[in-house]
Amino acid sequence: MRTALVYHEDMTAARLLWEDPEYVSLLRGTQALDTQELRALSGQYDAVYFHPSTFHCARLAVGAALQLVDVVLMGAVHNGLALVRPPGHHSQRTAANGFCVFNNVAIAARHAQQKHGLQRILIVDWDVHHGQGIQYIFEDDPSVLYFSWHRYEHGRFWPYLRESDADAVGQGKGRGFTVNLPWNQVGMGNADYLAAFLHVLLPVAFEFDPELVLVSAGFDSAIGDPEGQMQATPECFGHLTQLLQVLAGGRVCAVLEGGYHLESLSQSVCMVVRALLGDPVPPLSGPMEPHRSALESIQSVRAAQAPHWTSLRQQGSAPTPRPGTCSADGRTSLVLPGGPTFKAAEAQASAVLSSLLGQLHLHPTPPVRTAVALTAPDAALGLPPAVLHQEGSVPQEETRAWARLHEALAQDTAFTALGKVLHLLKGILDGQVSSGVATTPAAAAMLDVALRCSLSHRAQRVLCVAVGQLDRPPDLANDGRTLWLDIRGKEAAALSPFHVSMPLPGTTGAFLSCVLALVLPLAYGFRPDLVLMVLGPAQGLQEPYAALLAALLRGPAGGRVLVLVEQEPTFQLAGILARVLHGDAPPSLGPFSTAPPEDTQALLYLRGQLEAQWKMLQVAAPS
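If you're wondering where the values come from, they're calculated on a predicted model, not measured in any experiment.

Read from one edge of the open sheet, nine strands run β9-β8-β10-β16-β15-β11-β12-β14-β13, paired in mixed fashion. Edge strands, defined here as strands with exactly one partner in the open sheet, are β9 (388-389) and β13 (493-496). As paired elements, strand β8 (residues 368-373) and strand β10 (residues 433-440) share five bridges and run parallel to each other. Bridged to Val-368 within β10 is Val-433. Packing against the sheet, helix α18 (residues 597-610) makes contact with β13 and β14 (499-502), and its axis sits at approximately 25 degrees to β13.

Encoded structure:
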């Protein structure tokens, strides 16, 4: 089974891994309290409202999180989502807080350590409120990396804590294992959330190398929510989920937290489930340019965390963050249902969600998620059963017309491969196939034809990621319809905003910096209709590196990826690429190793040359 949705009455039997039995006993006693007693007890906590069924529901929530962790770590499912109430990330060891009774995700992390022996767990909290309960529980623990973004507004938004700021990085041995990214303005959208992942969370997460990813999945950070007042659309959370699935062998357990706009909440949850299932997620909507305030927050957290993480230091220094301020003056008041702010958020969200639903109807999920076109008939062995082994080809007349562009394609084997590639490509462009892998001789010529065919068929913008000895066609127009990224170029060069060359990174750290800080920001900023990834002669990428690159390139074009592989490598590589395009997690890159100075300088040079055009490259607010 690929994905689990967990909710069941049997979860009440789950043992609570809580450190204070008196607190558990107190909550158990609420089942017998009358209304007046419940109100009095609730008044002892911040934003807590007890009911006679609270204890039962809270045990269900914890049990769901524990059961999900068990089935994922035992291999019964790849990943899953626990749909629970009440939420948990504000709850502390001896105190309910912010609608939270037991800290579901924190208890699940301890359970994973105690029962399954895990040594490194990543918790990603994308709820709009700071999960201070999780932070307090793990702030001195280097075995748990906690990342939270949250509405902060310099301490004027609940829970009004100084320790929610970027310079709160943990205590003792846990310094550097608490990563807080405070949003100091409302209105953060898709570009801001994506930038936070690419430039803060993912570099640190790859260096940490978690064995399990737990997500405190709150959707009050989505558009329309009156609490968050943010602008991220539902598909954004599918993209964030896809990015997390390349970690920990794909072992991702999401647990529901906040969310107070039911339509926005439900659509966002559906997008997360869609990603967990391995289905393509619609491309991101809206301008791909982070807000200045978001860049200031990213700049501050990178500076605060750089002393603790090599991955951030090797991407360039940032100025020391300014001291945060936390004052009771000017605190943001709660948004009341029925008020003007609530109604405005409702109206805006309804319009955006209607547009998204229309987009999904116009671009439904293709009937075939992944197809392969291989030159050897027995090479499909080892592929997942759901991957289509394509034998079809376009008519010979059409193949012959395209083959005239390159003499190398007129050879028998190349001619046959060309017909299969064109058939697969048109299936992707026509919406019948989401992604594909093709082995081929003459990769450079095949790429040229695939690019020209795409632009003449349906694609408005095509991203080409060329790895190996593959030159950009000299007559390719610089009209903004193609973005050519040449990996394994002779030197770092921005020949134009749409033609970028970089040397092949030589270490894990350098490769990750190249992909996270350059390739993906450019790809998401370009917003392609199709991604062509080509592994040509002397491409030099090890299989795990090529698989990770392919997996991450699924996002920018909504899953429409065609990978062309020069025939020389083993067919094992084509199988690995087909599996990751189908939604499987890529293999581990192995131990993190620092980028050599020349790779770091090449990255900084290219970022400096390109960020005026491509805003997703920015990691600091313009001076």
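Let's pick the thread back up.
Attention now goes to the packing of helix α12 (residues 396-403) against helix α13 (residues 412-429). At their nearest, the axes of α12 and α13 sit 9 Å apart, and the two run at 105 degrees to each other. It follows from the interaxial angle that α12 and α13 lie roughly perpendicular. Here α12 contributes Gln-396, Glu-398, Thr-399, Arg-400, Trp-402 and Ala-403 to the contact with α13, which in turn contributes Phe-415, Leu-418, Gly-419, Leu-422 and Lys-426. The residue inventory of the contact of α12 with α13, partitioned by class, reads five nonpolar, three polar and three charged.

Residue position: Cys-253 is located in strand β7 (residues 252-256). With 148 residues separating them along the chain, Cys-253 and Val-105 place their C-alpha atoms 9.3 Å apart. The residues touching Cys-253, leaving out its near neighbours within four places in the chain, are Leu-68, Val-69, Val-72, Gly-80, Leu-212, Val-213, Leu-214 and Val-215.

Attention now goes to the pattern of salt bridges. All told, the structure shown has 13 salt bridges when counted by the stated rule. Put simply, Glu-398 and Lys-426 hold a salt bridge, and the shortest N to O gap is 2.1 Å. Placement of the pair is Glu-398 in helix α12 and Lys-426 in helix α13, with a sequence separation of 28 residues. Given a relative accessible area of 22%, Glu-398 falls into the partly exposed group. Asp-430 is paired through a salt bridge with Arg-458; the nearest N and O atoms lie 2.8 Å apart. On the criterion of sequence distance, the pair formed by Asp-430 in the loop between α13 and β10 and Arg-458 in the loop between α14 (443-457) and β11 (462-467) is long-range, its members being 28 residues apart. Classification of Asp-430 by relative accessible area gives partly exposed; the value is 36%. Looking at Arg-458, the relative accessible area reads 54%, which means it is exposed. In the salt-bridge network here, residues are joined through shared partners; they are Arg-162, Asp-165 and Asp-167.

Take the nonpolar core next. Within the largest apolar cluster, 160 residues are counted, with the highest numbers of intra-cluster contacts made by Trp-126 and Phe-197. By size, the runner-up hydrophobic cluster in this structure holds 39 residues, among which are Ala-414, Leu-424, Ala-459 and Val-462.

Moving on, we get to the pairing of strand β2 (residues 79-82). Of the two faces of β2, the one carrying Asn-79 and Leu-81 and the one carrying Gly-80 and Ala-82 are both buried. As paired strands, β2 and β7 are joined by three bridges and run parallel to one another. By the bridge assignment, Gly-80 is partnered in β7 with Cys-253.

For the rest of this paragraph, the subject is empty space enclosed by the protein. Summed over the entire model, instances satisfying the criterion amount to two cavities of 30 Å³ or more. Every residue lining the largest cavity is counted, 14 residues in all, and those nearest its centre are Ala-510, Cys-514, Asp-599, Ala-602 and Leu-603. Broken down by secondary-structure element, the contributors of at least two residues to the lining of the largest cavity are α15 (508-526) and α18. Residue contributions to the lining of the largest cavity peak at five residues, all from α18. A class-by-class count of the residues in the lining of the largest cavity yields 10 nonpolar, three polar and one charged. By volume, the second largest cavity is sized at about 40 Å³.

Its 15 residues give α14 an end-to-end C-alpha distance of 20 Å, which sits within 8% of 21 Å, the value for a rise of 1.5 Å per residue. With respect to burial, α14 is a largely interior element, 11 of its 15 residues being buried. Of the positions making up α14, those classed as buried are Ala-443, Ala-445, Met-446, Leu-447, Asp-448, Val-449, Ala-450, Leu-451, Cys-453, Ser-454 and Leu-455.

How each quantity is defined
- Residues numbered from 1 in each chain as written.
- Predicted model: local features only at pLDDT ≥ 70, side-chain atom pairs only at ≥ 80, totals over all residues.
- Heavy atoms only, no water.
- Pairing = 2+ DSSP bridges.
- Helix = DSSP H or I, 4+ residues; strand = E, 2+ residues; numbered from the N terminus.
- Contact = heavy atoms within 4.5 Å.
- Axes fitted to C-alpha atoms, helices over the stretch in contact; angles between N-to-C directions.
- Parallel < 35°, antiparallel > 145°, perpendicular 65-115°, else oblique.
- Nonpolar A, V, L, I, M, F, W, Y, C, P; charged D, E, K, R; others polar.
- Salt bridge = Lys/Arg side-chain N within 4 Å of Asp/Glu carboxyl O.
- Buried < 20%, exposed > 50% of the residue type's maximum accessible area, 1.4 Å probe, protein only.
- Core = buried A, V, L, I, M, F, W, Y, C linked by side-chain atoms within 4.5 Å.
- 1 Å grid on protein atoms, 1.4 Å probe; cavity = no way out; pocket = protein on both sides within 12 Å on 5 of 7 lines; lining within 4 Å.
- Points joined across faces, edges and corners; volume = space filled by probe spheres on them.
- Expected span 1.5 Å × (residues − 1).

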